[in-house]
Structures are given as C-alpha cells and as structure tokens.
Amino acid sequence: MKLKIGDTVDVLDDVLSGQVTAIKGNVVTIETDEGFELTFNASELVKTKSSTLRNNVFNSASLKQVLSEKTEKKRHNTVKVKAKERYLPTMEVDLHLHKLVNNERGMTNFDKLSVQLDTARHKLEFAIKKRIQKIVFIHGVGEGVLKMELETLFSRYDNIKYYEADYKKYGLGATEVYILQNPNNR
C-alpha cells in the first residue's frame, strides 16, 4: 500500500497512530495524536481510513459534549434553613375548646377539661411514636387550670422536658414540649 502525506496510519507493533508528515524513500515521519513526530519504516505502518472507530469515538462532537457534561461542576440546590426556623417546633396543638368540639353546649367544666387533656395526651403519644422532637401546646392564658393539668401530664413522662413557648409567637398561653429521642443515653 502506497502512503502519502496526510494519510492516517497506525503503528503495527505499538499503540500509536498519527498522520504522515514526511516520506523519504522507505522512512516515513508521522505526527502522533499527542503532537510528537516519530519516524518509522514504511513496513511498520498500516494506513487506516479516516473514519476509523478511533476517529469516530475520540474525535466526535458527541464524546466531547459528554466529557464536558461530566467535567462540568453541577451546583446542588440546598435549601438554607435560617437559625430561627431550625429551632421552631415541628408540631402545634391548639387546645382551645372551640377548635376541638363543634358544640360545647351542655358540657361541664370537667368535660371540657377532659376533652382538652385527652387531646393533649393523644397528640403527645403520637409525637413520641412518630419521633417528633418538639410540640407546642397552645392552651391560652385563662385561669391557668389547663396549664397546670398539662404540666402534671408532662411530668409523668421521663423522656420529656417542657417549658414556656416562644413569647413573641405565642405570648403567655403556650407550653413547648421537647421529647428526648434516646432517653437511655442521658
């Protein structure tokens, strides 16, 4: 096979390829894909077609596009939570009677208090079961009976701390409960 300048060739006994840049008799000079000029005997080279698999894969636009996508730095969209919001309770329970029953007509004070405490107990058990760390019980200011009963209820649990809720948000009528998730590791 006759070689001429500009032909693409592969070296037989090496993993090299390139383009023919000069021919002097039986000595052929090629420029490799990396830009090096090397000389070989013509019998050591094989002419390859310009549309070889190597050219299709390594010089194609689609490969360059894929490589640019792989090396492109992708920004991960992270939601930044403000410090104030990070410590906000995840659950609020409003114990005002009009939020719990449709009609309070005919109910005694004991019935009303029982409905409120049952709701508080139920919601607290739910939070413990679902591993919710913070709950705010909104009880209102009133005479303080419900607040004292809630404190009695909370004191029965070993894995609970309770304190006044955020004054700016709830005023004096709310208690925040913090549920310890691993009470044995205190």
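Please read these numbers as outputs of a predicted model, since none were measured by experiment.

Here's the deal with the sheet that holds strand β6 (residues 91-94)
Here comes step 1: With respect to topology, four strands assemble into an open sheet ordered β6-β7-β9-β8, the strand pairing being mixed. The strands lining the two open edges of the sheet, one partner per strand, are β6 and β8 (160-164). Neighbouring strand axes in the sheet, compared pairwise and without regard to direction, differ in orientation by 20° on average.
Here comes step 2: Note that β6 and strand β7 (residues 134-138) share four bridges and pair parallel. Within the sheet, the bridge partner assigned to Val93 lies in β7 and is Phe137.

Topic: the confidence of the model for the chain
Here comes step 1: On average, residues of the chain score 82 in pLDDT, and 76% of them reach the 70 mark or higher.
Here comes step 2: Helix α5 (residues 109-129) holds the highest mean pLDDT among the elements of the chain, 93, whereas helix α1 (residues 53-58) holds the lowest, 52.

Thoughts on the environment of Ile135
Here comes step 1: Mapped onto the elements, Ile135 comes out in strand β7.
Here comes step 2: Ile135 sits in the buried class, given a relative accessible area of 0%.
Here comes step 3: With 43 residues separating them in the primary sequence, Ile135 and Glu92 have C-alpha atoms 5.6 Å apart.

Criteria and cut-off values
Residues numbered from 1 in each chain as written. Predicted model: local features only at pLDDT ≥ 70, side-chain atom pairs only at ≥ 80, totals over all residues. Heavy atoms only, no water. Pairing = 2+ DSSP bridges. Helix = DSSP H or I, 4+ residues; strand = E, 2+ residues; numbered from the N terminus. Axes fitted to C-alpha atoms, helices over the stretch in contact; angles between N-to-C directions. pLDDT = per-residue confidence, 0-100. Buried < 20%, exposed > 50% of the residue type's maximum accessible area, 1.4 Å probe, protein only.

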